[in-house]
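# Working through the structure, step by step
Okay, here's what each chain looks like letter by letter:
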Amino acid sequence: MDLLNTLVEKGLRRELPTREEALAVLATSDDDVLDVVAAAGKVRRKWFGRRVKLNYLVNLKSGLCPEDCSYCSQRLGSEAGILKYTWLKPEEASKAAAAGVAGGAKRVCLVASGRGPTDRDVDRVSKTIEAIKEQNEDVEVCACLGLLSAGQAERLRAAGADAYNHNLNTSEATYGGITTTHTYADRVDTVQQAQAAGMSACSGLIAGMGETDEDLVDVVFSLRALDPDSVPVNFLIPFEGTPLAKEWNLTPQRCLRILAMVRFVCPDVEVRLAGGREVHLRSMQPLALHLANSIFLGDYLTSEGQEGKADLDMIADAGFEVEGAGTTTLPAHRADAAAAAGCGGGSCGPCGDGAAAPAAAEAVAVGGTEAAAGQDARTDLVAVRRRGAGTDLPPNA
């Protein structure tokens, strides 16, 4: 297929595809999905070999968020039966992080629901970062705390944060239909603050909210322009009790095409297979490893993932290897640039469970997703997290 040959050549040169080429990837048929995966896999292997980076989420504060993000189980007005608790103590968070590191995670992502941290919250998270680094000197720490105010990014960096996550989630044109309590521009500003403070920026998207192909291409091109080191790709987890509970717009083939498009547009960036992979990719998750070079180990923020051992078995069975702590994730040209800028040079986590922390009273109208109309909703695969942080049960790692 001439399209795929062209995209491979561009990806190997780090050249930006055209919008038309990116849209054409999403428009390919299910019959061609293995060809699409094979082509994007060549680009993935060029820049990341067969390495898979493991990341581990610690939900520092769950639920009770004042933001109205439609996709999020922690949103204002959510009726989802999730765990709700206030801030974990630094030693509690450090203990949870240690479980992920013991399971093979190279990065720990510290996430807290809310619009953004107060200065007191930054102090609290700083102590948590210090506690984690005391116990695991080499672990990378990413913070995901919402919108940042002036000076907070610098304080987090000084405390030892390697990265900061804040997802764009969807296109600027449709953002107001998903969230009303903050703007797309607010999110861009926070990512840029993190970059200016010398942290490695992580920013991604959520697919499956009813967006069009054009929306998906728009947000991925916006991410390419923003130039984060890591792009987590979340697939909406339709929690009962949230406005998007009925949005089942994805098939495994659709998810693979989206991941391939992201890889072609962002060839040398850490692409993370994030929230919702178990729900929407299901038995086809191993194919996604040919596109993404990073995953989350075990559970997410408010939902359960597959067992950590199953993740490790999947990686090995698919012929990939877990990235070691002494390995630099990013290709040399990006790692060198990050080091020169004072960044952590790695990547970071998603803001939620196929979602983020802060959504709207009205969801985006479904369009452009051929996947959905007749697909049975797999509500049996949406499991609320009942172990790990905020509970007395051991975490899944």
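Scope of this entry: the structure provided in the associated data block. (Residues numbered from 1 in each chain as written. Predicted model: local features only at pLDDT ≥ 70, side-chain atom pairs only at ≥ 80, totals over all residues. Heavy atoms only, no water.)

Summed over the entire model, instances satisfying the criterion amount to 23 salt bridges. Where D162 meets K133, a salt bridge forms, and the shortest distance between an N and an O atom there is 2.8 Å. With D162 in the loop between helix 6 (152-159) and strand 4 (163-165) and K133 in helix 5 (residues 119-135), the pair connects residues that are 29 residues apart, well separated along the chain. For D162, a relative accessible area of 13% gives the class buried. Residue E240 pairs with K246 through a salt bridge whose shortest N-O separation is 3.9 Å. Of the residues examined, K246 reaches a relative accessible area of 68% and is grouped as exposed. Overlapping salt bridges, with partners in common, bring together K53, R107, E140, E270 and R272 in one network. (Salt bridge = Lys/Arg side-chain N within 4 Å of Asp/Glu carboxyl O. Helix = DSSP H or I, 4+ residues; strand = E, 2+ residues; numbered from the N terminus. Buried < 20%, exposed > 50% of the residue type's maximum accessible area, 1.4 Å probe, protein only.)

This next bit is on the nonpolar core. In this structure, L205, F235, L259, M261 and F264 are the most contacted members of the largest nonpolar core, which totals 61 residues. Ranked by residues supplied to this core, first place goes to helix 9 (residues 252-265) with nine residues. Residue contacts for M261: discarding those within four places in its chain leaves A22, V25, L26, L216, V217 and V220. Grouped together as the second largest cluster of nonpolar side chains are 31 residues, A97, V122, I129 and L156 included. (Core = buried A, V, L, I, M, F, W, Y, C linked by side-chain atoms within 4.5 Å. Contact = heavy atoms within 4.5 Å.)

Next up on the list: the side chain of K61. Its place among the elements puts K61 in strand 1 (residues 51-61). D121 provides the closest opposite charge to the buried, salt-bridge-free K61, at an N-O distance of 6.3 Å. Among the polar contacts made by the side chain of K61, one reaches the main-chain carbonyl oxygen of S113 at a distance of 2.8 Å. Contact partners of K61, with chain neighbours within four places excluded, come to Q74, Y85, T86, W87, V111, A112 and S113. (Lys, Arg positive; Asp, Glu negative; His and termini not counted. Polar contact = N/O pair within 3.5 Å; in protein donor to acceptor, adjacent residues only side chain to side chain.)

The next subject is the pairing of strand 7 (residues 230-235). Within strand 7, six of the six residues are buried, which leaves the element mostly enclosed by the surrounding structure. Residue alternation in strand 7 divides its side chains into two sets, S230, P232 and N234 and V231, V233 and F235, and both sets are buried. Sheet topology places strand 6 (residues 205-207) next to strand 7; three bridges connect them, and they run parallel. In the sheet register, L205 faces strand 7, and the bridge partner there is V233. Handedness of the crossover joining strand 6 and strand 7 through helix 8 (residues 213-226) is recorded here as right-handed. (Pairing = 2+ DSSP bridges. Right-handed = clockwise from strand over helix to strand, strands pointing away.)

What follows deals with the packing of aromatic side chains. One pass over the structure, following the stated rule, counts one aromatic pair. A centroid spacing of 6.0 Å and a plane angle of 70 degrees characterise the contact between Y175 and Y184, whose relative ring orientation is edge-to-face. Between K46 and the ring centre of W47, over which it is positioned, the NZ or CZ distance is 5.2 Å. Lying across the ring of F320, R50 places its NZ or CZ 4.4 Å from the centre. (Phe/Tyr/Trp six-rings, centres within 6.5 Å; stacked < 30°, edge-to-face > 60°. Lys NZ or Arg CZ within 6 Å of the ring centre and 35° of its normal.)

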